[in-house]
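The residues making up each chain are set out below.
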Amino acid sequence: MSLGIQQFFSFIHLDLRVRTLLVLICTLFVIKAVIIFIFDYIQARITSNYEREAKSKLYEDAMAASWPFLLKQKIGHLENYMTQEMKWAVRILQMIPDLILDVTSFLIYFIIALRIAPYVTVLAIIIGGVLFLLMRPLVVRVKNYSKEERLLLKEVSHQVNENFTGLKTIKSLQAEEPLVDEGRKIFKQIEFLRLRMHVSKHLTLDLVQPISVIFVSVVFAVSYFQKGFNLAVFVATVYLIQRIFVYIDKAQRTTNQFYSGMPNLLALIDFSDNVRRARELPGGDKKFSFTKELALRDVAFSYGKARTTLSGINIRINKGEMIGIIGPSGAGKTTLIDLILRLFSPTSGVIELDGQAISDISLAEWRKNVGYVSQEIFLKNATVFENIRFYDESISKEKVIEGARLANATQFISDLPNGFETMVGERGVYLSAGQRQRIALARILARSPELLILDEATAALDNESEKMIKLAIENLHGKVTVIIIAHRLTTILDADRIIAIDDGKIVETGAPADLLENHSSYLYKVNNIG
């Protein structure tokens with residue numbers, strides 16, 4: 001060894017002195033630290049870049065997924081995939097360079113130990129291999145526990161998102177305690193699984209060290225009484241064997257971590273594939289052109305194998321007409337609107353715009369020209385201005401103000417503390433229901449749609465708010481084609497025609513005045529209830 005060091009110093013043209021040796025040792029450790037830092041930085045860049053790209057791609061694919069697919073997803077599950085599942089995917093990625101380093105170090109120690117004490121080294125590897133195999137059932141158990149824990153964490157995410165969305169209703173019904181009890185049950189199950197997982201993991205990990213000590217003690221006892229026992233060789237052998245067992249222990253730990261994260265990783269991959277396959281189709285390449293009529297011809301629709309929701313729907317809506325659609329709950333009114341919005345495709349039949357199947361028209365063009373306002377108002381925690389423009393930078397300030405004017409919202413907006421720059425709060429909590437609805441209507445009118453669809457847009461409003469919305473709709477009459485779904489008949493009595501749907505079929509159609517004179521009509525019966 002000394003000769004080798006002397007030859008090395010001679011090769012690099014340095015005198016072998018204590019000071020030189022110390023400087024060289026310090027330099028080598030500094031170089032090692034720099035190299036480790038660089039590799040750690042590279043690893044951090046790779047994993048953070050992967051996480052960013054994977055999250056961005058998953059978020060993009062989820063946003064672009066088809067409506068039928070999204071309807072099947074629970075609230076909070078996408079968030080869970082973006083956090084918990086993605087965390088494990090990144091952790092497994094981080095294991096790869098560590099695993100390569102551990103395997104390389106193991107091989108180096110193994111080769112050196114094999115040259116010094118081949119029989120002892122081979123015996124140590126055999127014992128380590130047997131130990132690894134004996135612990136495999138516990139490792140598989142860890143995987144199963146991790147899978148169960150993942151499902152429970154998904155449920156927690158769903159419950160939290162769902163309950164906090166409806167917290168006002170929960171508080172008004174004093175249902176906090178039962179919901180907290182439900183949460184406690186899930187948290188208790190998670191605690192139980194994590195304890196079982198902890199025990200299974202540490203049974204596999206904590207046994208390696210005592211077995212390595214027993215092995216070394218046996219080797220010492222046997223070697224000590226043999227002829228030619230060399231203490232220096234024995235110490236070197238013990239050190240190398242101990243390092244081999246350390247890497248066996250590391251392999252066991254890595255395997256446990258790998259199996260713990262594998263259900264999450266597989267679930268993430270599966271979900272990502274499903275989201276990608278469910279991507280909404282862009283439609284045809286035709287432009288949107290509405291000069292004559294929107295026609296539904298023999299349209300039928302059913303959700304999977306369930307009973308038919310709509311059948312034999314034939315409707316012709318002329319440009320500039322205002323059409324009211326009425327019918328009992330569950331009759332198929334909203335499904336009909338979803339078909340026109342192209343959230344669903346008809347099971348049979350065709351929807352045409354000026355004689356052209358709407359599926360041949362670019363979906364982006366269609367959504368650009370068809371405005372939709374629902375009863376469930378969606379506002380961001382942003383200013384009034386930002387909620388009306390809603391991420392469309394092409395909409396100028398003038399268009400935002402014009403949209404507010406057309407929605408009869410200008411007066412109340414000017415009365416707000418900061419006008420258009422007033423924050424509306426989470427889901428528009430600082431505004432009344434009528435104010436929120438008018439901002440939602442202004443958002444659509446600022447985009448100058450050619451077809452406007454209102455789905456129960458006045459159902460939850462007070463009389464004054466309904467009056468303001470109704471006035472806004474009347475001002476659009478003849479300028480924009482309007483389809484209104486309403487239970488409150490006052491909203492649609494000024495429509496050109498009313499179409500009544502029941503049990504998925506059209507049961508009557510006609511002008512409001514004519515239907516009100518017909519005592520057997522659905523409109524007359526509903527109008528005279530009570």
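Keep in mind that what you see is a predicted model, and the values were worked out from it rather than measured. (Residues numbered from 1 in each chain as written. Predicted model: local features only at pLDDT ≥ 70, side-chain atom pairs only at ≥ 80, totals over all residues. Heavy atoms only, no water.)

### Looking at the overall build of the protein
Scanning the protein from N- to C-terminus turns up 19 helices and ten strands. Per-residue burial over the protein gives 40% buried out of 530 residues. On the protein, roughly 30500 Å² of surface is accessible, and the fraction owed to carbon and sulfur atoms is 60%. (Helix = DSSP H or I, 4+ residues; strand = E, 2+ residues; numbered from the N terminus. Buried < 20%, exposed > 50% of the residue type's maximum accessible area, 1.4 Å probe, protein only. Areas by Shrake-Rupley, 256 points an atom, 1.4 Å probe, with all protein chains shown as cover.)

### Structural notes on the pairing of strand β6 (residues 370-374)
Counted residue by residue, β6 has four buried out of five residues, so it is predominantly covered. Of the strand pairs in this sheet, β6 and strand β7 (residues 451-455) are connected by five bridges, and their pairing is parallel. In the strand pairing of β7, Tyr-372 is matched with Ile-453. (Pairing = 2+ DSSP bridges.)

### Notes on the sheet that holds strand β9 (residues 497-502)
Spatial ordering of the open sheet is given by β6-β7-β8-β3-β9-β10, a layout of six strands whose pairing is mixed. Both edges of this open sheet fall to β6 and β10 (505-510), since each of them pairs with a single strand only. For this sheet the average axis-to-axis angle between neighbouring strands, irrespective of direction, equals 15 degrees. In this sheet, strand β8 (residues 481-485) lies alongside strand β3 (residues 322-326) in parallel orientation, the contact comprising four bridges. Within β8, the residue paired with Ile-325 across the bridge is Ile-485. Helix α16 (residues 433-445) contacts β6 and β7 of the sheet and is inclined by roughly 175 degrees relative to β6. (Axes fitted to C-alpha atoms, helices over the stretch in contact; angles between N-to-C directions. Contact = heavy atoms within 4.5 Å.)

### Side note on the side chain of Arg-438
One can find Arg-438 in helix α16. Reaching out from Arg-438, the side chain makes a polar contact with the backbone oxygen of Asn-408 at a distance of 3.0 Å. Every residue in contact with Arg-438, bar those within four places of it in the chain, is listed here: Ala-407, Asn-408, Ala-409, Phe-412, Ser-465, Met-468 and Ile-469. (Polar contact = N/O pair within 3.5 Å; in protein donor to acceptor, adjacent residues only side chain to side chain.)

### Details of the nonpolar core
One finds Ile-388, Leu-441, Leu-452, Leu-454, Val-482 and Ile-484 to be the most contacted residues of the largest nonpolar core, which totals 41 residues. In terms of residues, this core owes the most to one element, α16, which gives six residues. Ignoring any residue separated from it by four or fewer positions in sequence, one finds Ile-388 in contact with Val-400, Ala-404, Ile-413, Phe-420, Ile-439, Ala-442, Arg-443, Ala-446 and Arg-447. Leu-296, Ile-313, Ile-337 and Ile-358 belong to the second largest nonpolar core, which has 31 residues in total. (Core = buried A, V, L, I, M, F, W, Y, C linked by side-chain atoms within 4.5 Å.)

### Thoughts on unusual backbone geometry
At Arg-342, a position not held by glycine, the phi torsion is positive, near 65 degrees. One can find Arg-342 in the loop between α11 (333-340) and β4 (348-353). For Arg-342, a relative accessible area of 14% corresponds to the buried category. Despite not being glycine, Phe-390 has its phi angle at roughly 45 degrees, a positive value. In this structure, Phe-390 sits in the loop between α13 (384-389) and α14 (397-406).

### Section: the sheet that holds strand β5 (residues 356-357)
The strand order β2-β1-β4-β5 describes an open sheet built from four strands, whose pairing is antiparallel. With one partner strand each, in any of the chains shown, β2 (308-318) and β5 form the two edges of the open sheet. Across seven bridges, strand β1 (residues 293-302) lies against β2 in antiparallel orientation. Paired with Leu-294 across the bridge in β2 is Ile-317.

### Describing helix α4 (residues 77-116)
A rise of 1.5 Å per residue sets the reference length of α4, with its 40 residues, at 58 Å; its end C-alpha atoms lie 56 Å apart and thus fit the reference within 8%. At Met-86, α4 shows its largest bend, some 35 degrees. (Expected span 1.5 Å × (residues − 1). Bend = angle between axes of the 7 residues up to and from the residue.)

### Examining the environment of Phe-110
With respect to the secondary-structure elements, Phe-110 resides in helix α4. Along the primary structure Phe-110 and Ile-241 are separated by 131 residues, whereas in three dimensions their C-alpha atoms are 8.1 Å apart. Residues within four places of Phe-110 in sequence aside, it is in contact with Thr-121, Ile-125 and Ile-244.

### Regarding the pairing of β8
By the criterion of burial, β8 is predominantly enclosed, with five of the five residues buried. Here β8 shows two buried faces, one formed by Thr-481, Ile-483 and Ile-485 and the other by Val-482 and Ile-484.

### Side note on a nonpolar patch on the surface
On the surface, a nonpolar cluster with roughly 1100 Å² of combined accessible area is contributed by Leu-28, Val-30, Ile-31, Val-34, Ile-35, Phe-37, Ile-38, Phe-39, Tyr-41, Ile-42 and Ile-46. As for its placement among the helices and strands, Tyr-41 is situated in helix α2 (residues 18-63). The class of Tyr-41 is partly exposed, set by a relative accessible area of 46%. (Patch = residues over 30% accessible without salt bridge, like charges linked within 9 Å, V, L, I, M, F, W, Y side chains within 5 Å. Salt bridge = Lys/Arg side-chain N within 4 Å of Asp/Glu carboxyl O.)

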